[in-house]
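Summary of structural features
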Number of protein chains: 2
Amino acid sequence: MTLAVPREPVPETRVALVPEVVRALTRGGTRVLVERGAGARATFSDAQYAEAGAELVDAVDLDAVDVVAHVSPLPAAALGRLREGALTIGMIGPPEPDRVAAALGRRITALGFERLPRTSRAQAMDALSSQAFVAGYRCVLEAAVRLPRFFPLAMTAAGTVPPARVVVLGVGVAGLQAIATARRLGAVVQANDIRPDSAEEVRSVGATFIDVGVDRREASGGYARDLREDDAARQRAALAPHIAAADVLITTAGVPGRPAPRLVTTDMVAAMRPGSVVVDMAAATGGNVEGSRPGEDVLVPCADGFGAVTVVGLDSPAGALAADASSMYAQNVKALLGLLVRDGEIAVDLDDDILDGVVVTHDGVDRVAHRAQPPRPT
Amino acid sequence: MTLAVPREPVPETRVALVPEVVRALTRGGTRVLVERGAGARATFSDAQYAEAGAELVDAVDLDAVDVVAHVSPLPAAALGRLREGALTIGMIGPPEPDRVAAALGRRITALGFERLPRTSRAQAMDALSSQAFVAGYRCVLEAAVRLPRFFPLAMTAAGTVPPARVVVLGVGVAGLQAIATARRLGAVVQANDIRPDSAEEVRSVGATFIDVGVDRREASGGYARDLREDDAARQRAALAPHIAAADVLITTAGVPGRPAPRLVTTDMVAAMRPGSVVVDMAAATGGNVEGSRPGEDVLVPCADGFGAVTVVGLDSPAGALAADASSMYAQNVKALLGLLVRDGEIAVDLDDDILDGVVVTHDGVDRVAHRAQPPRPT
């Protein structure tokens, strides 16, 4: 079996396989081709890949490989050059017609992490979770480095400075990791999510749960569903005073397959103290915070006419921690490969619930368009 | 008594007094004049100062005030406009002839935090310590936000990522706070300082002491002295393997009144892994790290030809946390004022050891030039 790791397109900093995982695969008999410079932005050198048993190539001959492991969705042009029946593992992104057509035309077996079931057996393959874990950590650093105040309580001869107050909205993997990181740095943390189990999870990581008094609901995949607009308004009203009193607001809420829910209005941001920081992890999918822009800092003037709040729209928070994010992603790829390969041969068993979920095209069939299966959020 | 707080010149972000301290002073009968916008970059509004009892003015009439509280050294022009015999409290910077001449010409009583004795009684007035405390925290954030890896141990379904390894050189107030912050974030920390007590201090904050086997020495003010060159070479040789194995190196070493000691050569930096980060807190005073430049990130290519190490030259690390840094600075100013004011009148008692140290010009005398008193580091 031959597996290829392409250079990711700019601005992606991550790489699908890291040398440590390449070593495990080559020892198991897999031939691994790595495009020169593929790991460079994630701090992995060509020499490390070669030492791990990979063959370095200037450009992968896509027609000569069995599997392509990638991070960014493969462009239609690349899919069209793949060998008939080849397999791809990575993020698939939104279903763009030309990509789907290219995959179907070449009878590609395309696996999309976005559609992996959220079962315990699938945990080791769950790239969305591993990258959300990285993103949650990263959010807190982005906030702390912009805040003109301490996160921890500072007791010195020059007086005592109280700890920063952090509010986290959306308590999935990213939100829990944001809470844990903010707590590590010494902040006092409050959090909210509309999923039924979230109150207990929030408390288990040392934060206070903000009860917004709305009917919480959960979709089949373990993700929060959209709220009705009257519930959403009630939620905003309940959150507003907590946000106004916070030094830092971090939002990580996503609803599967839809634009991110708008949890926070500009008025709610403008009520915060001058110098406060808002980090919107969902900026790239529409934003939890009104006016956030992916990859940019937006200054929102404070309501009382003095100073501003910085709204940080994150674009690729996991990509900012490229080395460790790639290591974790590579472990996810390896785990998923483990499910596909039997005796050195690829065998796609669609009776396996994980593969049934994660395989989006196979043998010329668009399995997403033909199934009533809830997609996974990005 | 009338006390003035000027707007600090750009790029200073801090302000000498914050509204909370203004309130305490005005309640005690002091008239406080604050230049409009003085606290803006530190997130304090004119309205907050007014509410605390200050009078807001467009520009302070320097000839009409008894005391000026400042952060940046006052320029000669400002000193020359002060009322004869007025008092100034702040950082004095290096002894520039025109500033000294202006202070002597107006018979200014100039107090410079840099020359405050390091006694326990002076702790509450110690602005160098309070700002170093802020700087030490800040150093770690500057490193963490640039590192492509986690600080904490990350145990996930996608494998375990070991914690970052951080080395801190120079273990004064800033170094200890850097250690504490890196530890909070979950890093494994090693540290070194040539002062005799530093090993115990390092261990007390949870780090491992790197013994470099050189003769440690201490100057009268509790600061490390210069090493002889052969000791310095031995120190570098002993540190090199620890630095090469580190993800993050933070240097905070200063020697009173001299350029910062050069602890780390470019070769030592180039031996670190690609993506590693060096933060040089002493960049503005000559640098502990060869090639660091204040206010800039310098990329040092790794020795094995792949990747680079980022050397972050900090310029004003405390200024980056302007709100809390100003609050602590203001407490220091207030504490020092408490030593100067008796029954609402200023009384400079040079028999008091603190005032004897901190007063640099008085009654037309340059007390620094006429004393064999060790200066304090910046």
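Being a predicted model, the structure only gives us computed values, none of them experimental.

Reading the values: the criteria
Along each chain, numbering runs from 1 in the same order as the chain's sequence is written. Chain letters start at A and ligand numbers start at 1, both assigned in the order the entries are written. With pLDDT at 70 or above as the cut-off, local features in this predicted model cover only qualifying residues; side-chain atom pairs require 80 or more to be listed or tallied, and sums for whole chains, interfaces and linings still use all residues. Derived side-chain values reflect all non-hydrogen atoms in the structure, with water molecules and hydrogen atoms excluded from consideration. When the copies are superposed, the least-squares fit draws on C-alpha atoms of residues that have pLDDT of at least 70 in both. What makes two residues a contact is simply this: any of their non-hydrogen atoms within 4.5 Å. Side-chain atoms within 4.5 Å link the members of a nonpolar core, which is a set of buried Ala, Val, Leu, Ile, Met, Phe, Trp, Tyr and Cys residues. Summary of the burial criterion: residues with accessible area below 20% of their type's maximum are buried, those above 50% are exposed, and those between are partly exposed, where the area comes from a 1.4 Å probe applied to protein chains only. To qualify as a helix, a DSSP run of H or I must reach at least 4 residues; to qualify as a strand, a run of E must reach at least 2; elements of each kind are numbered from the N terminus. All the domain ranges listed were derived from an automatic or database domain assignment. Defined in terms of a 1.4 Å probe, buried area is the accessible area two parts forfeit on being brought together, summed over both. Salt bridge, as used here, is a side-chain nitrogen of Lys or Arg placed within 4 Å of a carboxyl oxygen of Asp or Glu. Polar contact criterion, stated in full: a pair of N or O atoms within 3.5 Å, where within protein one must be able to donate a hydrogen and the other to accept it, and residues adjacent in sequence count only if both atoms are side-chain atoms. Every helix has an expected span of 1.5 Å times one less than the residues it contains. Two strands pair under a simple rule: DSSP has to find at least two bridges between them. Under the pairing criterion, centres of Phe, Tyr and Trp rings, with the six-membered ring standing for Trp, must be within 6.5 Å; the plane angle then separates stacked pairs below 30 degrees from edge-to-face pairs above 60, leaving the rest tilted.

We now examine the relation of the copies chain A and chain B. When chain A is fitted onto chain B, the two copies agree to an RMSD of 0.0 Å after a turn of 180° and an axial shift of 0.0 Å. Both chain copies can therefore be described as sitting about a two-fold axis. Residue by residue, 100% of the interface of chain A is reproduced at the interface of chain B, so both copies engage with the same surface.

One finds Phe151 of chain A together with Phe151 of chain B to be the most contacted residues of the largest nonpolar core, which totals 88 residues. In terms of residues, this core owes the most to one element, helix H5 (residues 127-146) of chain B, which gives 11 residues.

The next thing to look at is the domain arrangement of chain A. Domain annotation of chain A identifies domain 1 (2-126 + 322-364) and domain 2 (146-316). If you average the C-alpha positions of domain 1 of chain A and of domain 2 of chain A, the two centres end up 34 Å apart.

Turning our attention to the interface of chain A and chain B. One frequent convention defines the size of an interface as the accessible area lost when the parts assemble. Every contact between the two is made by 41 residues of chain A and, on the other side, 41 residues of chain B. Approximately 3,600 Å² of surface area, both sides summed, lies buried where chain A meets chain B, with 70% of it carried by carbon and sulfur atoms. Three residues stand out in chain A for area buried against chain B, namely Phe150, Arg184 and Phe306 of chain A, and they jointly supply 18% of the buried area on that side. There are 0 salt bridges connecting chain A and chain B. In this assembly, chain A and chain B are joined by 10 residue pairs in polar contact (both at pLDDT 80 or more). Contributions of two or more residues to the side of chain A that touches chain B are made by helix H5 (127-144), strand S7 (154-156), helix H6 (173-184) and helix H10 (322-340) of chain A.

Negative phi is the rule for most residues except glycine; trans is the rule for most peptide bonds. Here the residue pair Val10 of chain A and Pro11 of chain A is connected by a cis peptide bond, since its omega of 10° sits within 30 degrees of zero. Assignment of secondary structure puts Pro11 of chain A in the loop between strand S1 (2-5) and helix H1 (19-27). With phi around 50°, Arg107 of chain A is a residue other than glycine that occupies positive phi space. Looking at where Arg107 of chain A falls in the secondary structure, it is placed in the loop between helix H4 (97-105) and strand S6 (109-112). In this model, Thr43 of chain B sits at a positive phi of 75°, which is unusual for a non-glycine residue. Mapped onto the secondary structure, Thr43 of chain B falls in the loop between strand S2 (31-35) and helix H2 (46-51).

With 19 residues, helix H10 (residues 322-340) of chain B extends 26 Å between its outermost C-alpha atoms, agreeing within 8% with the 27 Å of an ideal straight helix rising 1.5 Å per residue. In terms of residue burial, H10 of chain B counts as a mostly covered element, since 15 of its 19 residues are buried.

Right, let's talk about the sheet that holds strand S14 (residues 297-301) of chain A for a bit. Residue and element names in this part refer to chain A. The strand order across the open sheet built from 7 strands is S11-S10-S9-S12-S13-S15-S14, with neighbouring strands paired in mixed fashion. Each edge of the sheet is formed by a strand with only one pairing partner; in this case those strands are strand S11 (208-209) and S14. Relative to strand S15 (residues 308-313), strand S13 (residues 277-280) runs parallel, the two being bridged by 4 bridges. The residue of S15 that forms the bridge with Asp280 is Gly313.

Let us now look at the packing of aromatic side chains. Tallied over the full model, the rule gives 6 aromatic pairs over all chains. On the numbers, 4.9 Å between centres and 50° between planes, the contact of Tyr137 of chain A with Phe150 of chain B is tilted. Of this pair, Tyr137 of chain A sits in helix H5 while Phe150 of chain B sits in the loop between H5 and strand S7 (154-156), each in a different chain. With respect to class, Tyr137 of chain A is no different from Phe150 of chain B; both count as buried.

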